[in-house]
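# Survey of secondary and tertiary structure
Chain by chain, the residues:
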Amino acid sequence: MQACLRHGIALCCFGFLIGLSAPAASQQAHPDQVEPTGEAPSAEGWRQQSMVKGLEHPWGMAFLPNGDILITERAGRLRLVKNGELLDESIEGIPDVFASNQGGLLDVVLHPRFPENNWVYFTYASGDRHANRTTVGRGRLDGTALKDVEVLFAAKPDKSGGQHFGSRIVWLEDGTMLVSIGDGGNPPLEIDGTLARDHGQRLDSHLASIVRLKDDGSVPEDNPFVGEEGVQPEIYSYGHRNIQGMVLDPQTGNVWANEHGPLGGDELNLIRAGENYGWPETTYGADYRTGERFTPHRTRQDMTPPKAAWTPAVAPSGLEFYTGEPFPEWRNNLFSGGLRGQEVRRIVLEGENVTGQETLSIGRRVRDVKQGPDGFLYILTDETAGELIRIEP
Ligand SMILES: [Ca+2]
């Protein structure tokens, strides 16, 4: 009030009006806003066992029906672990990849009917440093080669540099697949004169989204934005900065995804068709370069909030939903790898909410987490001499 008297009635009234005008509903915090968590207590009752050494920056893995394992290396090689031994020769037939920084050969998954058709799906960065994009391909596995290799999808528009390709593939129960696409890169990276990150709220761009495709790469007619003008019809959800882990809960059909925040503010999200997950209008993190917040909103009422936020960042990687026998107490929990955190985060769920977290400290950058056919958890370490490690009781 004293300030009002000093600055005169006009300014005071102005301030009064500002104070009274309620923020638009869309600008209010979401009622389900969570508080960020940092470190979590240690998980007990497990040990790590090295299974395969000599993998150069492995990124993704897929278990074949016979127990052999396909593992991608970011430089562009698809490796085969046969009867527990890593073969020297890599699988033939992978297209040329743009292997630079975060780009290269990324995820690998089998078609849900792999025993009938032998299709192996993979994601990679294609192009060069001036123009590149997240790409989905497939080929039929025949011995140690991929045959009938074809490109099914390439994210639009092209971007430059080697950041933020997203790139996990998840099959839904209806036989379609979700693929995560990153926002293209940190500021000052621009695409057509605007910051790449601003593609988070643009539906004419695949960047910063999850796309849903049929197994031949075509667009399912029941995708949420099909038929809308100026929209990429593959988009399933949007406002994602860079999803590096995504998994289906086979019991509920829920899809969970983790996401890199900018500086702090990594997220765990429950993915639903058509929803807007906020980036870059909402974030728990700060600008990667300046360390300052560039939006006042952690959440907004009109955007879907995360189920967990991690500050300091763990830099999440692969995500798995555990259903195995060896760890009965871990069943129906999520396991999220951490690059910066050098850990696997156990995430306890109750319904659609996170009710607890524990840390399996690995001491090395963790790139992927998968449950093997034997019910153990397997992880890949992101190193020049990376390893496949089994988590055992
Ligand atoms: Ca978000």
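In what follows, the accompanying structure is described. (Residues numbered from 1 in each chain as written. Predicted model: local features only at pLDDT ≥ 70, side-chain atom pairs only at ≥ 80, totals over all residues. Heavy atoms only, no water.)

### Comments concerning the nonpolar core
Core analysis: the biggest nonpolar cluster contains 18 residues, and Tyr121, Phe153, Met177, Val179 and Ile181 have the highest contact counts within it. At the level of secondary structure, the elements contributing two or more residues to this core comprise β7 (119–127), β9 (145–154), β10 (169–171), β11 (177–181) and β14 (209–213). Looking at this core element by element, the count peaks at three residues for β11. If we ignore the near neighbours within four places in the chain, the residues touching Met177 are Tyr121, Val136, Leu152, Ile169, Val170, Trp171, Val211, Arg212, Leu213, Lys214 and Asp215. (Core = buried A, V, L, I, M, F, W, Y, C linked by side-chain atoms within 4.5 Å. Buried < 20%, exposed > 50% of the residue type's maximum accessible area, 1.4 Å probe, protein only. Helix = DSSP H or I, 4+ residues; strand = E, 2+ residues; numbered from the N terminus. Contact = heavy atoms within 4.5 Å.)

### Quick look at the coordination of the calcium ion
Within the protein, the calcium ion binds to Glu267 (OE), Glu267 (OE) and Tyr277 (O); these donor distances fall in the range 2.3 to 2.7 Å. On the criterion of sequence distance, the pair formed by Glu267 in strand β18 (residues 266–271) and Tyr277 in the loop between β18 and β19 (308–310) is long-range, its members being ten residues apart. Judged by relative accessible area, which is 1%, Tyr277 ranks as buried. (Donors = N, O, S within 2.8 Å, 3.2 Å for Na, K, Ca; no water.)

### Let's talk about the sheet that holds β7
Spatially, β6-β7-β8-β9 is the arrangement adopted by the four strands of the open sheet, whose pairing is antiparallel. At either end of the open sheet lies a strand with only one pairing partner, and these are β6 (105–110) and β9. On average, adjacent strands in this sheet sit at an angle of 25° to one another, irrespective of strand direction. Where β7 lies against strand β8 (residues 132–142), nine bridges are found, and the strand directions are antiparallel. Each residue of the ladder has a partner; that of Gly127, found in β8, is Asn132. (Pairing = 2+ DSSP bridges. Axes fitted to C-alpha atoms, helices over the stretch in contact; angles between N-to-C directions.)

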